[in-house]
Amino acid sequence: MLQEKIKQFTAEIKSFVPASAADVENFKLKFLVTKGVVKALFEEFKTVSVEEKRTLGKVLNEFKQLAESTYNSAQAQFAQVGKKLEREEGDLTLPGEGFQLGSRHPLSLVRKEIVEIFKKLGFIVAEGPEIEDDWHNFSALNFPPEHPARDMQDTFFVEKKTGNDIALRTHTSSVQVRMMEMGKPPFRAIMPGRVYRNEAISARAHCFFHQIEGLYVDENVSFADLKQTLFHFVQELYGEGTKVRFRPSYFPFTEPSAEMDISCTICKGDGCQLCKQSGWVEILGCGMVDPNVLENCGIDSKKYTGFAFGMGIERVTNLKYEIRDLRLFSENDVRFLSQFETELV
Ligand code: PHE
């Protein structure tokens, strides 16, 4: 008799599939409370023969364990569903869930800072295409036909066209040409943008980077204006007291040309690894716009003069944040990016 009952209830428990928390509660009421099946079977167990006790004791204990574990897992399942439902319906008393804000890319931060400084001096922002023709990237800028920068090693060509190849721009000076061709002086603008050069990727070089170039063309613009503008820019960006020096240099599109160094931002001029013990680091190229360039763009070089300058945003950023590997800028590693200021706008 007892054995038969245990068998029946075991089958019932094994086929138990709860559909709701109420089913789980009913299961408990049927099997596990003081007046439930398990207790009743144990009562009945007391009345059976010694012989039967020997075989049924183990069976009955296993039955009890089965009832309990079935109940426990059913209860756990419905407890979770209950919680989930509560959240889906929206418990307004729960604290809000925070979400993580991204941060601005360091190059965007520095570009913005540079743009703000020049805007205060009356420069506007100009942009142009990244795919350029030979005229805007080279010829109008007074590059002689055999100049090495036109070579396959530096320029990514998109299309070879007799007399006017199409290529990815190698500098944003092309935007200066477009601006001068389209309008009339005075021009006072800066040109931020991405540029491409066919270089092997390493900590110090990449096949693309970002530039900001500047152009000021008007009557009587002199080299003194160039020096004062760039001196002011450096004081604003790297702090009062940062020294500058100009070294003679060469660019096809400026005459005279110079490179500008600033006193090392790390050691303040004492000499360190970054400035190779010299106390100075180079940050940009500049010069007076070559009269040929003005004429190429339809501007009377007898009446107008101008200055131009160009810098790599990566380089300026490296000096500001002491970043030593250019590749970090394009790898999008959040451990790197999250170290920069978060802005809501
Ligand atoms: N276009 C130059 C470069 O890419 C930078 C530059 C701009 C130098 C304007 C002088 C004047 O290296």
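Here is a short report on the structure shown in this document.

Describing the overall build of the chain
Each helix and strand counted, the chain has 12 helices and 10 strands in total. Taking 20 Å as the expected radius of gyration for a compact globule of 345 residues, we find that the chain reaches 39 Å, considerably beyond that expectation. Seen through its C-alpha atoms, the chain measures out along the principal axes to roughly 125 × 50 × 40 Å. Counting only residues that meet the buried cut, the chain has 42% of its 345 residues in that class. Excluding contacts between residues fewer than 6 apart, the proportion of contacts in the chain whose partners are at least 24 apart in sequence is 66%. When the accessible surface of the chain is totalled, it reaches about 19900 Å², and 52% of it is carbon and sulfur. Separation between the mean location of the 43 positive side-chain charges and that of the 50 negative ones in the chain comes to 7 Å.

Quick notes on the packing of helix H5 (residues 106-120) against helix H10 (residues 313-321)
At a minimum axis separation of 9 Å, H5 and H10 run at an interaxial angle of 100 degrees. As judged from the angle between their axes, H5 and H10 are roughly perpendicular. Within the contact between the two elements, H5 uses Pro106, Leu107, Leu109, Val110, Arg111, Glu113 and Ile114 and H10 uses Ile313, Glu314, Val316, Thr317, Lys320 and Tyr321. A class-by-class count of the residues in the contact of H5 with H10 yields eight nonpolar, one polar and four charged.

Section: unusual backbone geometry
Note the cis peptide between Pro185 and Pro186, where omega equals 0 degrees. Geometrically, the link from Glu255 to Pro256 is a cis peptide bond, its omega value of -5 degrees lying close to zero. Mapped onto the fold, Pro256 is located in strand E8 (residues 254-263). In this structure, Asn220 takes a positive phi of about 60 degrees despite not being glycine.

Focus on the side chain of Ser173
As for its placement among the helices and strands, Ser173 is situated in helix H7 (residues 173-182). On the basis of relative accessibility, which here comes to 1%, the residue Ser173 falls in the buried class. Separated by 3.4 Å, the side chains of Ser173 and His171 make a polar contact. When sequence neighbours within four positions are dropped, the list of residues in contact with Ser173 reads Leu141, Glu213 and Phe253.

Considerations on the pattern of salt bridges
If charged atoms from side chains of opposite charge come close, those side chains can pair. Evaluation of the coordinates by the stated rule reveals 13 salt bridges. Between Glu43 and Lys46 there is a salt bridge, and its shortest N-O distance comes to 3.2 Å. Given the relative accessible area of 46%, Glu43 is considered partly exposed. Residue Lys46 is classed as exposed on the basis of its relative accessible area of 55%. Salt bridges here are not isolated pairs; linked through shared partners, they connect Arg245, Arg247, Glu259, Asp261 and Glu282.

The rules behind each value
Residues numbered from 1 in each chain as written. Predicted model: local features only at pLDDT ≥ 70, side-chain atom pairs only at ≥ 80, totals over all residues. Heavy atoms only, no water. Helix = DSSP H or I, 4+ residues; strand = E, 2+ residues; numbered from the N terminus. Rg over C-alpha atoms; globule rule 2.2 N^0.38 Å. Buried < 20%, exposed > 50% of the residue type's maximum accessible area, 1.4 Å probe, protein only. Contact = heavy atoms within 4.5 Å. Areas by Shrake-Rupley, 256 points an atom, 1.4 Å probe, with all protein chains shown as cover. Lys, Arg positive; Asp, Glu negative; His and termini not counted. Charge placed at Lys NZ, Arg CZ, Asp CG, Glu CD. Axes fitted to C-alpha atoms, helices over the stretch in contact; angles between N-to-C directions. Parallel < 35°, antiparallel > 145°, perpendicular 65-115°, else oblique. Nonpolar A, V, L, I, M, F, W, Y, C, P; charged D, E, K, R; others polar. Polar contact = N/O pair within 3.5 Å; in protein donor to acceptor, adjacent residues only side chain to side chain. Salt bridge = Lys/Arg side-chain N within 4 Å of Asp/Glu carboxyl O.

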